[in-house]
Structure formats: C-alpha cells, structure tokens
Amino acid sequence: MDIKHRLATLLLPVLGTVVASPAMAQMAAGQRCAVQSGPQTAALVELYSSEGCSSCPPADQRLSALRKEAGAASLIVPLALHVTYWDQIGWTDPLAQAQFDARQAELLRHQPRHVAYTPQFFVGGTELRSWDTQLPAAIRRINATAAPLKIDLSATPGPGSKLLLEADASAPDARTGGQLYVAISESAIVSKVLRGENRGATLRHDAAVRLWLGPVALAQGRAQLRREVNLPASWRPEQLQVVAFVQRADSSAILQAVSTASCAKGAM
C-alpha cells in the first residue's frame, strides 16, 4: 500500500463533542434500541486515522464536532477507523485493526487517486481531500438525495455482556445490488500517547470503530445480518453506538446508513 503523510494545513477548533445519547443510555440500561433509516440518504463519514500521526488529532476533533457543525437537521453517521501502518514508527495504536487498512484500500480502488494516508476522509464512499472546508457541503449534497433502500437496525442487550445485533436492508427494486455492513463504535475514549509523533499528548476519540461485521450481499434487493456479540469489559456500554450501512456492489458509493444515535427515548 502507498502511504502518504499529509500535514494538516489548518488546526481546526473543537466545535463540540459527541456525548452519551439516549440510545447509548438505553443499551447501557439493558433496553432494546431499534431504529429505521428515513427516505433521505444519510451521509456515512469515514475518517482513517492513527494515534501515531501528528496531523490526525485536528481531524479527530473535526469528526467529533461534525453533527454540531452541520446542524441538527443533517443526517450524519460518523466512523473513525484507526489503521495499523503507523504502528511501526514507535507507537502501537490500541484502536488500530488491520481490517481497517483493508477497508481503506478497498475504498481507494474506486477513487481517481489510489493513495492511502492519514487523516483521510470519505463521505458517502468518496474521498474528500478538502475536508477542512467542504465537509458540510458534501453532507448536504448526500442528504438531498432519496435513498434507494431502507435499513432496520436494532441492538438488544442480553445476559451478561451480550448484545444482539440485527440489521435488515430492503430495496423496492429487487435488482438493487449492494453489501450490508454493521459496526460498533465507541466515543469518549481517552488515550495517553507515550511514544511516536504524538508523544506526551492525551487524545480523545469519538465514534472509534471497535467491531466490524460484513459484508452480506443483497439478494433480490434484501440482506440480513444477525450476530450476538460479547462486549469486552473495557468497552463502556453508555458510549457505544451501532451503525449499519449498505455500499453499492460495483462501486464505493454508500446507498444508505443508519445508527442507534437516532434511537428515540421511547423505544422498547
């Protein structure tokens, strides 16, 4: 994989942070959280980051502030995926997973430039190089389009530390092709970096992906994913969100996304 380290040209202010949502509180209290995507397309925002990258903290802060910046009416599903290829220069990122390296490479196969670097943003499956100025506009463009399918997503706490994840994607047109993914992310993670480019820094991470499931291919316009997972003791249920999205079968375009952040207080 080609790796490019791009230094941030603008230190972005922290406009806000992700806080525990009603959905997180419900799951932490042992209640089922169920959500359904709406008629408009939500913007899946994927940030590829690393604790070993000195230009990544401003991008991490931008992802944390994104919902506040874009406005209450915006439909945003943020994910931070930490890559492993920075680990070799002095600091092993505790959030990094090799499958996120592979996910970044997969997205890049469909982009004009096949260069992996951090921090790197993808919005709706398309690389956004000018994320410092263009993120809100990119989100608005995606939100303005009608979604070709819907996703039902639920998370049901079970005995002990179990969590049952259920995702159903369905399209009116049975010819719609795509791949269904489900992820669990955690927010308000605080990490003290001891070595590498961020040596001595205390970093905060929101929407950091802990678990990645899929893909499950749509057949006749439908796909289902069921998985019971055991939550490690180090994960805090009140800070977890579950995300589901469908990516086109022949490109990196995201057809729809949904997260438990939109779970209403009255859900079962």
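Just so you know, these numbers come straight off a predicted model, no measurement behind them.

1. Regarding the packing of aromatic side chains
For the structure shown, the criterion picks out six aromatic pairs. For the pair Tyr 181 and Trp 212, a centre-to-centre distance of 5.6 Å together with 45° between the ring planes defines the contact as tilted. Of this pair, Tyr 181 sits in strand β10 (residues 178-186) while Trp 212 sits in strand β13 (residues 208-217); the two residues are 31 residues apart in sequence, bridging distant segments of the chain. Its relative accessible area of 5% is what places Tyr 181 among the buried residues. Relative to Phe 245, the ring of Trp 212 has its centre 5.8 Å away and its plane inclined at 55°; by these criteria the two rings are tilted.

2. What about the pattern of salt bridges?
Side-chain pairing between opposite charges can occur once the charged atoms of the two side chains come close. Within the structure shown, the criterion is met by 12 salt bridges. Ionic pairing is found between Arg 226 and Glu 166, a salt bridge with its closest N-O pair at 3.3 Å. Highlighted residues: Arg 226 in strand β14 (residues 222-230) and Glu 166 in strand β9 (residues 162-170), separated in sequence by 60 residues. The structure contains a network of salt bridges with shared partners spanning Glu 46, Arg 103 and Glu 106.

3. Considerations on the confidence of the model for the protein
In the predicted model, the protein carries a mean pLDDT of 89, and the fraction of residues at 70 or more is 87%. Counted against residues more than four places away or in other chains, residues 1-20, with its pLDDT under 50, gives 55 contacts.

4. Looking at helix α2 (residues 56-70)
Taking 1.5 Å per residue, 15 residues should reach 21 Å; α2 reaches 20 Å between its end C-alpha atoms and fits that length. Bending of α2 peaks at approximately 45° at the position of Ser 64. Among the residues making up α2, those that are buried are Cys 56, Pro 57, Pro 58, Ala 59, Asp 60, Arg 62, Leu 63, Ser 64, Ala 65 and Leu 66. For α2, the secondary structure elements touched by its buried residues are β3 (43-49), β4 (76-82), β5 (116-118), β6 (120-123), α4 (131-143) and β12 (202-205). Looking one or two places after α2, you find Gly 71, whose phi comes out positive at around 105°.

5. Focus: the state of the cysteines
Scanning all chains against the criterion turns up one disulfide. With its sulfur 2.4 Å from that of its partner, Cys 33 forms a disulfide with Cys 263. Within this pair, whereas Cys 33 is found in strand β2 (residues 33-36), its partner Cys 263 is found in the segment after β16 (254-259), the two being separated by 230 residues in sequence. Residue classification places Cys 33 among the buried positions, given a relative accessible area of 0%.

6. Thoughts on the sheet that holds β2
Strand order in the open sheet formed by four strands is β2-β8-β9-β14, and the pairing between neighbours is antiparallel. In this open sheet, the two edge strands, each paired with only one partner strand, are β2 and β14. Across this sheet, the average inter-strand angle for adjacent strands is 10°, counted without regard to direction. Pairing between β2 and strand β8 (residues 150-157): four bridges, direction antiparallel. Across the sheet, the residue bridging to Val 35 is Leu 153, located in β8.

7. Some words on the pairing of strand β11 (residues 189-192)
Taking every second residue as pointing to the same face, the buried face of β11 carries Ile 189 and Ser 191, while none of Val 190 and Lys 192 on the other face is buried. Relative to β12, β11 is paired through four bridges, and the arrangement is antiparallel. Within β12, the residue paired with Ile 189 across the bridge is His 205.

8. Some remarks on α4
A rise of 1.5 Å per residue sets the reference length of α4, with its 13 residues, at 18 Å; its end C-alpha atoms lie 17 Å apart and thus fit the reference within 8%. Among all positions of α4, only Trp 131, Leu 135, Pro 136, Ala 138, Ile 139, Ile 142 and Asn 143 are buried.

9. Observations concerning the nonpolar core
Residues Leu 165 and Ile 184 are the most contacted members of the largest nonpolar core, which totals 28 residues. Taken together, the elements giving at least two residues each to this core come down to β2, β8, β9, β10, β14, β15 (240-248) and β16. If we skip the residues at most four places from it in the chain, Leu 165 touches Ser 154, Ala 155, Val 182, Ile 184, Leu 213, Leu 225, Arg 226, Arg 227, Val 229 and Val 242. Of all hydrophobic cores here, the second largest spans 24 residues; its members include Ala 42, Leu 44, Tyr 48 and Tyr 85.

Definitions and limits used
- Residues numbered from 1 in each chain as written.
- Predicted model: local features only at pLDDT ≥ 70, side-chain atom pairs only at ≥ 80, totals over all residues.
- Heavy atoms only, no water.
- Phe/Tyr/Trp six-rings, centres within 6.5 Å; stacked < 30°, edge-to-face > 60°.
- Helix = DSSP H or I, 4+ residues; strand = E, 2+ residues; numbered from the N terminus.
- Buried < 20%, exposed > 50% of the residue type's maximum accessible area, 1.4 Å probe, protein only.
- Salt bridge = Lys/Arg side-chain N within 4 Å of Asp/Glu carboxyl O.
- pLDDT = per-residue confidence, 0-100.
- Contact = heavy atoms within 4.5 Å.
- Expected span 1.5 Å × (residues − 1).
- Bend = angle between axes of the 7 residues up to and from the residue.
- Disulfide = S-S within 2.5 Å.
- Pairing = 2+ DSSP bridges.
- Axes fitted to C-alpha atoms, helices over the stretch in contact; angles between N-to-C directions.
- Core = buried A, V, L, I, M, F, W, Y, C linked by side-chain atoms within 4.5 Å.

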